[in-house]
Amino acid sequence: GIFKGAHTGRLEDRENSIARGRPATDGAFSYDVDVPRQEVGHQLLKLSAKQYFENNGTLSFNYSFQQNHRQEYDLRRGGRDALAALDLKLMAQNADIVYQGPLRNQLSSKFGLSFGSIVNNNVPGTLVTPLIPNYDNVNIGLFAIERLEKDKYSLEAGVRYDYRSLDAAGYDKDEVLYGGTHRFHNLSASLGGSYRISQHLDFLSNFSLAWRPPTVNELYSNGLHHGSAAVEIGDKHLQSEKGYNWINTLFFRAGKSSAEWSGYAQYVSDYIFLNPSGEFLESLRGSFPVFNYQQTDASFLGMDLSGSLVISPALEWTLKGALVRAKDQTNGRFLPMIPTDRLENALRWNIKSERWKKPFVELQHIYVARQNRYDEGSDFSAPPEAYHLLNLSAGFSHLGEGSQWSLNATAYNLLNNSYKDYLNRFRYYGHDVGRNIVLRLAYNF
């Protein structure tokens with residue numbers, strides 16, 4: 001189901017909804033999933049095989065096939081709610097073959113070939129111009145990795161070549177044929193290593209050159225993205241992203257306690273992002289905010305922190321934190337939709353029991369800061385305020401004869417706080433999920 005309050009009719013209603021920041025009505029609970037909604041069927045097949053050689057080398061083969069059928073039902077006039085507004089059928093295949101060489105003189109090699117293909121078609125009869133055209137996508141990659149293992153340090157170097165072709169064709173709202181053929185190819189490489197400073201401290205560093213070609217939606221989107229209640233417009237002239245990334249990590253361990261810190265710097269040439277235009281498009285399907293795919297040179301600085309401290313045999317404290325700083329280097333402004341600073345703390349009580357296996361109770365606190373690195377008026381509404389969440393979990397396992405079952409329960413947003421997440425585009429119209437209780441039962445035999 002899709003939040004109905006995000007699909008409004010008139011432009012005035014849309015502007016009032018964003019200004020209000022919450023639904024006009026409190027709503028009522030129902031098990032019925034009415035329009036707007038999506039119906040998705042997904043089939044997946046996997047096959048893998050591995051050959052072991054006398055020299056301790058291995059040859060592995062993996063293949064997967066996926067078929068996805070997505071139908072989107074919208075609020076439509078003239079009794080057409082039962083007719084899908086978007087009907088997509090996608091078939092994807094992926095295969096890779098990898099040879100892992102034996103360890104000789106503390107050196108090991110890995111070589112591989114990967115292949116992927118996607119065929120996506122719009123099913124006719126929706127009476128709506130499709131968001132994206134029909135397309136075929138083929139990707140072929142070759143890679144090689146060399147690794148050196150020593151007592152106190154290790155080094156690894158890798159190189160990869162990728163070739164991707166994209167053929168797209170469709171008709172726009174004026175029945176004009178659009179699309180085209182795109183060919184992308186690039187060389188990626190990485191060089192990294194680790195060094196054991198002491199018994200308790202390791203240092204890891206990696207420098208890499210990477211690339212990412214534009215996807216079909218970034219090139220050719222031209223209509224309503226149903227799931228986010230927004231009109232998205234692609235740019236057929238987009239080029240491949242090219243990134244330069246350097247990451248450094250310190251890993252500390254002492255007994256059962258550990259801590260890890262990572263800092264990274266990345267520069268992306270021709271970075272592709274979705275930019276709020278500040279405009280609205282009004283049509284028979286309603287009025288929706290417009291987002292454009294754009295490209296710029298961007299820089300990213302970030303830091304991740306995690307750790308666990310065993311206070312006593314029964315009590316353990318864990319910590320996770322992350323921050324990102326990003327900048328549009330071409331235009332000297334902040335980038336939209338960049339994750340905000342985040343800090344998580346959890347206290348876990350491992351209960352001693354002779355009857356149950358590993359019973360526990362855990363209380364988690366999450367703090368998410370406001371995104372202050374934002375240019376005034378660059379979005380449809382300003383970033384939401386910071387928020388705090390409490391989550392409570394409990395569970396245990398039980399061992400039987402030849403089987404094991406476990407039961408876990410989690411109450412997310414225990415205090416039912418009202419909050420909005422900056423990365424959720426439905427924040428324009430309402431708050432995020434309230435108290436949510438999840439029960440999990442797993443049985444292994």
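Every value quoted in this text rests on a predicted model; they were computed, and no experiment measured them. The residue count restarts for each chain, going from 1 along the sequence in the order it is written. Totals for whole chains, interfaces and linings use every residue, but because this is a predicted model, local features are given only for residues with pLDDT of at least 70 and side-chain atom pairs only at 80 or more, for both listing and counting. As a convention, hydrogens and water are excluded, and side-chain values are obtained from all of the structure's heavy atoms.

Colleague: Before we go on, may I ask you to explain the pairing of strand S14 (residues 315–328) in this structure?
Modeller: Every other side chain in a regular strand lies on the same face of the sheet, so the side chains alternate between the two faces. Taken together, the 14 bridges between strand S13 (residues 286–312) and S14 define a ladder with antiparallel strand orientation. By the bridge assignment for S14, Leu301 is matched with Arg325. The antiparallel hairpin formed by S13 and S14 contains two residues in its connecting segment. Two strands make a pair as long as DSSP finds a minimum of two bridges between them. Counting from the N terminus, the helices are the DSSP runs of H or I reaching at least four residues and the strands are the DSSP runs of E reaching at least two. Note: S14 against strand S15 (residues 342–350), eight bridges, orientation antiparallel. Paired with Leu319 across the two strands is Asn345, which belongs to S15.

Colleague: Would you mind going over the packing of aromatic side chains with me for this structure?
Modeller: Aromatic ring pairs are described here by two measures, namely the spacing of the ring centres and the angle between the planes. Working definition: a ring pair exists when centres of Phe, Tyr or Trp rings (six-membered ring for Trp) sit within 6.5 Å. Plane angles under 30 degrees give stacked, over 60 give edge-to-face, the rest tilted. Using the criterion set out here, one finds 14 aromatic pairs in the structure. Ring centres 6.2 Å apart and planes at 55 degrees place the aromatic pair Phe53 and Tyr99 in the tilted group. Within this pair, whereas Phe53 is found in the loop between strand S1 (37–52) and strand S2 (58–73), its partner Tyr99 is found in strand S3 (residues 86–100), the two being separated by 46 residues in sequence. An aromatic cluster of three or more residues is present, and its members are Phe280, Phe291, Phe380, Tyr428 and Tyr429. We count a charge as sitting over a ring when the NZ of a lysine or the CZ of an arginine lies within 6 Å of the ring centre and within 35 degrees of the ring normal. Between the NZ or CZ atom of Arg37 and the centre of the ring of Tyr73, over which it lies, the distance is 4.4 Å.

Colleague: Would you explain the environment of Asn68 in this entry?
Modeller: Mapped onto the elements of the fold, Asn68 is located in strand S2. Only protein chains enter the calculation, and the probe is 1.4 Å; a residue is then buried if its accessible area is under 20% of its type maximum, exposed if over 50%, and partly exposed in between. Take Asn68: its relative accessible area is 16%, and that puts it in the buried class. When the C-alpha positions of Asn68 and Arg196 are compared, they lie 46 Å apart, and in sequence the two are 128 residues distant. Contacts: residue pairs with any heavy atoms within 4.5 Å of one another. Residue contacts for Asn68: discarding those within four places in its chain leaves Val40, Gly41, His42, Leu88, Lys89 and Leu90. The definition of a polar contact used here is a pair of N or O atoms within 3.5 Å, where within protein one atom must be able to donate a hydrogen and the other to accept one, and adjacent residues in sequence count solely through side-chain atom pairs. A distance of 2.9 Å separates a polar atom in the side chain of Asn68 from a polar atom in the side chain of His42.

Distances and angles like these do not, on their own, reveal function.
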